[in-house]
Amino acid sequence: KNYFRTGLKTNKNVINKDTDTYTIQLFFNNLNKVSNSNVDIIISEMVKECFSKKHLYKYYFDTILQKTITHSNYIDCYALIIKALINNSNKDILLNSIQNIQKEININHKVVYNNETKSYDNICNINLFTDKLYGLNILLVKLEKLGVLDNYIYDNMEELFSVLDNSGDDNTIYRVLS
């Protein structure tokens, strides 16, 4: 039987490092590989590749913030990455990304607390909301300690106190206060 090639022949050994796709893949892979032991190496690789792609900074910050609210163990590393990427020209992009993630969390929060039933799903939703709020606020505190943000955490303290007021669960109160 004769088989014919229907697609274009591409050389898989040649990688075009100038594309946005390559930069996004490298950024995402490095975020997945980051740990306390290799954070300096990862940051230098990310800054070297990402610094020239200024139009992708919104994606960088959105991705880091999404990872922060789901993987709170690596918040120290994510804060150092943001510090390395941030400068005066893209600080507004970071602040807009933070506001967008806060709006997303608050929308889910209103849905959770408007449902007055004590169902298992509602308890899971409250725990998920608390974890997201906890992760984001820990990152904001770290960024303020690193000098990336100025006087930003005081506004967010109201949300944490709202969780404390609306929660009757001692475990939730302990997690928010710790």
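See the structure printed just above.
Each value, and the rule that gives it
- Residues numbered from 1 in each chain as written.
- Predicted model: local features only at pLDDT ≥ 70, side-chain atom pairs only at ≥ 80, totals over all residues.
- Heavy atoms only, no water.
- Helix = DSSP H or I, 4+ residues; strand = E, 2+ residues; numbered from the N terminus.
- Buried < 20%, exposed > 50% of the residue type's maximum accessible area, 1.4 Å probe, protein only.
- Contact = heavy atoms within 4.5 Å.
- Areas by Shrake-Rupley, 256 points an atom, 1.4 Å probe, with all protein chains shown as cover.
- Expected span 1.5 Å × (residues − 1).
- Patch = residues over 30% accessible without salt bridge, like charges linked within 9 Å, V, L, I, M, F, W, Y side chains within 5 Å.
- Salt bridge = Lys/Arg side-chain N within 4 Å of Asp/Glu carboxyl O.
- Axes fitted to C-alpha atoms, helices over the stretch in contact; angles between N-to-C directions.
- Parallel < 35°, antiparallel > 145°, perpendicular 65-115°, else oblique.
- Left-handed = near helix turned anticlockwise from the far one by under 90°.
- Nonpolar A, V, L, I, M, F, W, Y, C, P; charged D, E, K, R; others polar.
- Core = buried A, V, L, I, M, F, W, Y, C linked by side-chain atoms within 4.5 Å.
- Phe/Tyr/Trp six-rings, centres within 6.5 Å; stacked < 30°, edge-to-face > 60°.
- Lys NZ or Arg CZ within 6 Å of the ring centre and 35° of its normal.
- Arc of directions from axis to C-beta.

Engineer: Tell me about the overall build of the chain, and name the residues and values.
Structural biologist: In terms of helices and strands, the chain carries eight helices and zero strands. In the chain, buried positions account for 37% of the 178 residues. Of all intrachain contacts in the chain linking residues separated by at least 6 positions in sequence, the fraction that spans at least 24 positions is 72%. A total accessible area of about 11600 Å² is found for the chain, and carbon and sulfur atoms account for 52% of it.

Engineer: Describe helix H6 (residues 120-145), and please don't skip the residues or the numbers.
Structural biologist: With 26 residues, H6 extends 37 Å between its outermost C-alpha atoms, agreeing within 8% with the 38 Å of an ideal straight helix rising 1.5 Å per residue. Taken together, the buried positions of H6 are occupied by Asn 122, Ile 126, Phe 129, Thr 130, Lys 132, Leu 133, Gly 135, Leu 136, Asn 137, Leu 139, Leu 140 and Leu 143.

Engineer: Describe a nonpolar patch on the surface, listing the residues and the values that go with them.
Structural biologist: Residues Tyr 154, Met 157 and Phe 161 make up a contiguous nonpolar surface patch of roughly 340 Å² in combined accessible area. By the element assignment, Phe 161 lies in helix H7 (residues 153-166).

Engineer: With reference to specific residues and values, describe the pattern of salt bridges.
Structural biologist: Throughout the structure, instances matching the rule amount to four salt bridges. Asp 62 is the salt-bridge partner of Lys 58, the closest N and O atoms lying 2.9 Å from each other. Note that Lys 58 and Asp 62 are positioned in helix H3 (residues 57-70) at a spacing of four residues, about one turn of the helix. Look at Lys 58 and you get partly exposed, because its relative accessible area is 42%. Its salt-bridge partner being Lys 91, residue Asp 150 comes within 4.0 Å of it at the nearest N-O pair.

Engineer: So what's going on with the packing of helix H1 (residues 20-33) against H3? Residues and values would help.
Structural biologist: Two quantities define a packed helix pair, namely the angle between the axes and the distance from one axis to the other. Two numbers describe how H1 lies on H3: the axes approach to 11 Å, and their chain directions differ by 25°. Relative to H3, the element H1 lies roughly parallel. Note that H1 runs across H3; the crossing there is right-handed. Together, Thr 23, Ile 24, Phe 27, Phe 28, Leu 31 and Asn 32 of H1 and Tyr 59, Tyr 60, Thr 63, Ile 64 and Lys 67 of H3 make up the contact between the two elements. The class makeup of the residues in the contact of H1 with H3 is seven nonpolar, three polar and one charged.

Engineer: Talk me through the nonpolar core; I want residue IDs and the actual numbers.
Structural biologist: Counting residues in each nonpolar core, the largest one holds 37 residues, and the members touching the most others are Ile 81 and Leu 85. Of all the secondary structure elements, the ones that give two or more residues to this core are H1, helix H2 (39-50), H3, helix H4 (75-85), helix H5 (91-114) and H6. Ranked by residue count, the leading element in this core is H4, at seven residues. Not counting the four nearest positions on each side in its chain, Leu 85 is found in contact with Phe 27, Val 47, Cys 50, Tyr 57, Tyr 60, Phe 61, Ile 64 and Asn 90.

Engineer: Break down the packing of aromatic side chains for me, with residues and values.
Structural biologist: All chains considered together, the criterion is met by four aromatic pairs. Relative to Tyr 60, the ring of Tyr 57 has its centre 5.2 Å away and its plane inclined at 65°; by these criteria the two rings are edge-to-face. Here Tyr 57 pairs with Tyr 60, and both are found in helix H3, just three residues apart, close to one helical turn. Judged by its relative accessible area of 1%, Tyr 57 is buried. Given the relative accessible area of 0%, Tyr 60 is considered buried. Against the face of Phe 51 rests Lys 54, its NZ or CZ located 3.7 Å from the ring centre.

Engineer: How would you summarise H1 if you had to cite specific residues and measurements?
Structural biologist: Compared with the 20 Å implied by 1.5 Å per residue over 14 residues, the 20 Å span of H1 between its first and last C-alpha is a close match. Listing the buried residues of H1 in full gives Tyr 22, Thr 23, Phe 27, Asn 30 and Leu 31. Along the axis of H1, the buried residues cluster in a sector spanning 165°; they form a single face. Looking at the buried side of H1, the elements it contacts are H2, H3 and H4.

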